[in-house]
Amino acid sequence: MILNILQTGEPVLRQQARALTITEIHSVSVQQLIESMRETMLNAPGVGLAAPQIGQPLQLAVIEDREEYHQGLSTAQLKERNRTPVPFHVIINPKITIETTDTAEFYEGCLSVAGFVGLVPRALKVKVECLNENAEPVILQANGWYGRILQHEIDHLHGTLCIDRMKMHSFTTYENYNRYNRHT
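Residues numbered from 1 in each chain as written. Predicted model: local features only at pLDDT ≥ 70, side-chain atom pairs only at ≥ 80, totals over all residues. Heavy atoms only, no water.

Moving on: the sheet that holds strand β3 (residues 86-98). Taken in spatial order, the five strands make up an open sheet running β1-β2-β3-β6-β7, and their pairing is antiparallel. Looking along the sheet, the strands with just one partner apiece sit at the ends: β1 (48-50) and β7 (137-143). Going across the sheet, the axis of each strand differs from the next one's by a mean of 40°, ignoring polarity. Where strand β6 (residues 125-131) meets β7, seven bridges bridge the pair, whose relative direction is antiparallel. Note on β7: the bridge partner recorded for Val128 is Leu140. (Pairing = 2+ DSSP bridges. Helix = DSSP H or I, 4+ residues; strand = E, 2+ residues; numbered from the N terminus. Axes fitted to C-alpha atoms, helices over the stretch in contact; angles between N-to-C directions.)

Okay, the pattern of salt bridges next. On inspection of all chains with the given rule, the structure shows 14 salt bridges. Note that Arg66 and Glu68 form a salt bridge whose closest N and O atoms lie 3.8 Å from each other. Taking relative accessible area as the criterion, Arg66 reaches 27% and is therefore assigned partly exposed. The partner of Asp155 in a salt bridge is Arg165, and the shortest N-O contact between them spans 2.6 Å. Linking Asp155 in helix α4 (residues 144-156) with Arg165 in helix α5 (residues 162-165), this pair joins segments that are 10 residues apart in sequence. (Salt bridge = Lys/Arg side-chain N within 4 Å of Asp/Glu carboxyl O. Buried < 20%, exposed > 50% of the residue type's maximum accessible area, 1.4 Å probe, protein only.)

Now the structure itself:
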């Protein structure tokens, strides 16, 4: 089922999400929520979706960066962003560790700030300890664009939006980004 993606201004997007218990993760309702979040993310389309974005204050996000999403980027842009396809997966109750002080700035959008993008500095390398959809512990090592996606989605679980981290002078409509900045 395709869910409604909430837009900035909704109070749930600014709240700390609560952790899920093992019992909750195994429940039919959470498993159905995960599937609906996946369908919603793909329909948007997006590379990640956190539960607060669909009105659920839970520490749960789905992620997938499909190869087809890379088609508008040149080989040089993909290399610069260190962007490769990321298979579908679920992160629950994540704990993130920034593993480098090195950062990169790229234009970033958000399904909850529809139609806008801005330059957001993010760490180049992170480690995430979380549970998957089966409540199994997982450790994710990520760099480049995948690391950026993880940081973005985990921010949502703490009530932070990309507009809180972006360089405000770069805030623009997606249309103007495509017109003037797509090469960056």
